[in-house]
Protein chains: 2
Amino acid sequence: MSLPTEGFSFRVEAVDGDARCGELETPRAKIETPAFMPVGTQAAVKGLTPDEVASTGARIILANTYHLWLRPGAELLASQGGVVGFMSWPHALLTDSGGYQVFSLAKHRTIDDDGITFRSHLDGTLHRLTPEEAMRVQTLLASDIAMVLDECPRGGARRDEVQLAISRTTRWAERCLATEPAPGQARFGIVQGGAELDLRLSHLHTIAALDFDGIALGGFSVGEPTAQMYELLSQIVPSMPADRPRYLMGVGTPADLLRALASGIDLFDCVLPTRNARNGQALTWGGRVNLRQARHARDESTLDAHCDCSVCGTYSRAYLRHLFKADEMLGPRLVSLHNLHFYGSLMRKAREMIRLGLLRPWVETTLQRMQERDEVGGLDA
Amino acid sequence: MSLPTEGFSFRVEAVDGDARCGELETPRAKIETPAFMPVGTQAAVKGLTPDEVASTGARIILANTYHLWLRPGAELLASQGGVVGFMSWPHALLTDSGGYQVFSLAKHRTIDDDGITFRSHLDGTLHRLTPEEAMRVQTLLASDIAMVLDECPRGGARRDEVQLAISRTTRWAERCLATEPAPGQARFGIVQGGAELDLRLSHLHTIAALDFDGIALGGFSVGEPTAQMYELLSQIVPSMPADRPRYLMGVGTPADLLRALASGIDLFDCVLPTRNARNGQALTWGGRVNLRQARHARDESTLDAHCDCSVCGTYSRAYLRHLFKADEMLGPRLVSLHNLHFYGSLMRKAREMIRLGLLRPWVETTLQRMQERDEVGGLDA
């Protein structure tokens, strides 16, 4: 179907249980779903070129409005062809609203019903983020998909705190939609509700009634047990509008992605594959490989015998381990490329299994194999 | 001519004044000279893959024996196909003797006529480097070209200190040559002598009489004025054996390379292009570009309009500046690639000009253009 914004469409092509695969089209890309969006916080996926990111299968990445607004600045980015022109990314871009980073990074933030006042973590300057400003900045960043400003309650928040965040998020969503839309920029609403199923479902009902191009779930993976997240997702996601893309924000591990897409999620983003790579942790079909462990010192095998990325085609675990022990930046770079390639392969394989109607057994087998040889501990750790 | 070691040959193909271009062949590569060797200190050219390094025109790189001996260890490297197998570098490798880093990095070093005792800068463990050990370690690293252990007197050393270093370097050179050669590994001797022309010429006479595959000049660029270095090189290099490759160790800036190759140097190595890249300094045909300067904030032009590297084909100065301001590792990576590409182009162009008999006017024009727009100060700074 065509989504509310011109140039955007979403088509479900196959269904397997609650899972589905399809195609999201934006003015800049055709994105096969379920899809993982690598994170390019500051207009760069850390350590990698756009060519390399695209080689992992990614056709859409995420950039952080908070960071880019503060540095190099939204007006500068607008003058440089937006974020995609600036960084030479040839496919689609999603920007968040900036709200999440304001809560997690900014100093002295105060929230009221109209917006958030905060000091930059870079230089202490005072800024004001409102729903209207979040949309204006994202217009200047020229993303394909803009996210509404929401309030994400802290993990373990009381029910009344969650209810307050929901009310604000709803009013802010309406104000975001009331701004003049940028031509060719879709807008996604965000559902909050913490770990309270009834609040989640009721807020979903509210947000789904608004004229958004897609619906996101915010406020997951904020400290709750993963089993609880999986359970909630299995009860919420099937109720999300079937004809619009469903995006689970900021999640997660390979296991999280498989569980969530089995419940019907279409889009993911997470810093985990690139952040863990910088710490020497490779993600593979055989679980996590901790390159700092001594067992790899003379290991001539590659990270993953089932991976066809250029890193696995070239370098031994022994060499990759040496790069981390010797603080060589090539290590984080190569493992970031491998990890994103693995996430891309995971999505590609999941789409294939959904089309074959084999998702559930494949997910179980895959998770079991990952757990058997995992080097760090339980997959949920 | 065939050099003393089997599988090695060197042929001068064109001469222009004191400058020459030719081809050095090793078992692993054919190297057009004059050539610049990128530095892969710890079995990695910082931030770059072997493919990228080769794309700059490099067919031989340098690795540091001191670093690799201490970590991951020479025996481990020998078990992994040597340095080139370990790092997947498909061309030739030169290793230094380890002596220079022992003097500049190790703790509590004491030198005697037999060798050097020092503590590792990594963990304080005690080690002993002798001429025989330097050659044994380089055998395990399996480089195409091994350097003899020498003593490099400090910059500004007194004449008697320089004379002592020369005596040791000569005796150590003879001991290095007396070790059993590794099959297919060439050995280069090193000429010392500080800034004393007569000592340099006399030591060159001594070293050239030994059965080395090539002759290197050590102890330059240790703090002396560049004009003095250029003057000494113009008086020493033409006296070096014409039928063996001439290597100027650890030098230098683009201007240094052009002046030295005009005097007849064939091989160079230096950390400058990659180290300066990590500090945000790009080297171009128009001089140095300091990406941290505010003037580049909105500059949509590339680093160098005359450069055909992938960085100049893709990214603006504004974006590269942002990467450095935002501490994104992609910045050092991209500018390292550009800088090595520039050094490769400088060598390629110099070879072309030598063949055309136009080296001298081309060097003068090139240096003048670099100085006119240089953003950091004098080229010698």
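To start, this report covers the structure provided alongside it. Note that the structure is predicted; figures quoted are calculated from it, not measured.

The subject of this paragraph is the side chain of Arg-351 of chain A. Residues and elements named next belong to chain A. Position of Arg-351 among the secondary structure elements: in helix α12 (residues 330-356). The class for Arg-351 is buried, based on a relative accessible area of 12%. Separated by 3.4 Å, the side chain of Arg-351 and the backbone oxygen of Glu-32 make a polar contact. Sequence-distant contacts of Arg-351, defined by excluding residues within four places in its chain, comprise Cys-21, Glu-32, Thr-33 and Pro-34.

Moving on to the environment of Glu-196 of chain A. With respect to the secondary-structure elements, Glu-196 of chain A resides in the loop between β11 (186-191) and α7 (197-208). Looking at Glu-196 of chain A, the relative accessible area reads 24%, which means it is partly exposed.

This next bit is on the nonpolar core. Counting 249 residues, the largest nonpolar core has Leu-217, Tyr-247 and Leu-359 of chain A together with Leu-217, Tyr-247 and Leu-359 of chain B as the members making the most contacts within it. In contact with Leu-217 of chain A, not counting residues within four places along its chain, are Val-191, Leu-233, Ile-236, Val-237, Met-240, Tyr-247, Leu-248, Met-249 and Ile-265 of chain A.

What follows covers the relation of the copies chain A and chain B. After a rotation of 180° and a shift along the axis of 0.0 Å, chain A superposes on chain B with an RMSD of 0.0 Å. When the rotation and shift are considered jointly, the pair of chain copies conforms to a two-fold rotation axis. Among all C-alpha atoms of chain A, that of Met-329 of chain A lies closest to the rotation axis, at 3.9 Å. Looking at the interface residues of chain A, 100% of them are also at the interface in chain B, so both copies use one shared face.

All names here are of chain B. Overall, antiparallel pairing links the 3 strands, which are arranged β1-β2-β3 in an open sheet. One side of each edge strand has no neighbouring strand; the edge strands of this open sheet are β1 (9-16) and β3 (30-33). Strand-to-strand twist of the sheet, defined as the mean angle between neighbouring strand axes without regard to direction, takes the value 10°. Relative to β3, strand β2 (residues 19-25) runs antiparallel, the two being bridged by 4 bridges.

Next up on the list: the sheet that holds strand β3 (residues 30-33) of chain A. All names here are of chain A. Taken in spatial order, the 3 strands line up as β1-β2-β3 in an open sheet, and their pairing is antiparallel. Looking along the sheet, the strands with just one partner apiece sit at the ends: β1 (9-16) and β3. Geometrically, the sheet is characterised by an average inter-axis angle of 10° between neighbouring strands, direction not taken into account. Sitting on the sheet, α12 touches β1, β2 (19-25) and β3, and the angle it makes with β1 is about 60°.

How each quantity is defined
Residues numbered from 1 in each chain as written. Chains lettered and ligands numbered in written order. Predicted model: local features only at pLDDT ≥ 70, side-chain atom pairs only at ≥ 80, totals over all residues. Heavy atoms only, no water. Helix = DSSP H or I, 4+ residues; strand = E, 2+ residues; numbered from the N terminus. Buried < 20%, exposed > 50% of the residue type's maximum accessible area, 1.4 Å probe, protein only. Polar contact = N/O pair within 3.5 Å; in protein donor to acceptor, adjacent residues only side chain to side chain. Contact = heavy atoms within 4.5 Å. Core = buried A, V, L, I, M, F, W, Y, C linked by side-chain atoms within 4.5 Å. Least-squares fit on C-alpha atoms with pLDDT ≥ 70 in both. Pairing = 2+ DSSP bridges. Axes fitted to C-alpha atoms, helices over the stretch in contact; angles between N-to-C directions.

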